[in-house]
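Next come the chains, spelled out residue by residue.
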Amino acid sequence: QVQLAESGGGLVQAGGSLRLSCAASGLRFSSISMGWFRQAPGLERECVAAISRSGDSTYHADSVTGRFTISRDNDKNTVYLEMNNLKPEDTAVYYCAAKSGTSWSRRTYEYNYWGQGTQVTVSS
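Residues numbered from 1 in each chain as written. Predicted model: local features only at pLDDT ≥ 70, side-chain atom pairs only at ≥ 80, totals over all residues. Heavy atoms only, no water.

Colleague: Can you explain the state of the cysteines? Please cite residues and give values.
Modeller: Scanning all chains against the criterion turns up 1 disulfide. Put simply, Cys 22 and Cys 96 are joined by a disulfide, and their sulfur atoms are 2.0 Å apart. Disulfide Cys 22-Cys 96: torsion about the S-S bond near 50°, hence right-handed. Highlighted residues: Cys 22 in strand β3 (residues 18-25) and Cys 96 in strand β9 (residues 92-100), separated in sequence by 74 residues. For the pair Cys 22 and Cys 96, a shared accessibility class is recorded, and that class is buried. Here Cys 47 stays unpaired: no disulfide links it, and the sulfur of Cys 96, its closest cysteine neighbor, is 12 Å away. (Disulfide = S-S within 2.5 Å. Helix = DSSP H or I, 4+ residues; strand = E, 2+ residues; numbered from the N terminus. Buried < 20%, exposed > 50% of the residue type's maximum accessible area, 1.4 Å probe, protein only.)

Next up, the structure:
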């Protein structure tokens with residue numbers, strides 16, 4: 001059974017930092033690409049960052065470029081999202097997701113497995 005478990009969310013002041021982790025089990029982690037998505041109330045789920053299965057190719061949304069960094073450790077079956085200089089508009093539930101194949105994707109429907117999400121709240 002595939003499981004993705006996010007952790008690291010919380011409440012932080014604007015300008016602060018958080019590091020999200022997503023531990024995967026039940027699949028061959030090194031064979032899948034991973035993504036971080038977020039969804040704020042009333043808005044569609046959007047891709048924040050994504051990473052290829054080897055980690056040599058990444059994507060970061062324009063809104064987070066320079067502030068967020070996605071990475072992965074295939075030995076630990078874990079993907080990370082380092083978030084710096086957080087802004088109130090980053091407030092959302094953050095989800096990690098897994099998709100088969102070599103390359104990352106921004107498309108929600110291409111991801112086969114999803115975590116339960118972790119809340120990130122940034123106060124002004």
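Colleague: Break down the pairing of β9 for me, with residues and values.
Modeller: Summarising burial for β9: 7 of the 9 residues are buried, a large majority. By the bridge criterion, 3 bridges tie β9 to strand β11 (residues 118-123) in an arrangement that is antiparallel. From the neighbouring strand, Val 93 faces β11, where its bridge partner is Gln 119. Bridging between β9 and strand β10 (residues 113-114) involves 2 bridges; their strand directions are antiparallel. Note that in β10 the partner of Ala 98 across the bridge is Tyr 113. (Pairing = 2+ DSSP bridges.)

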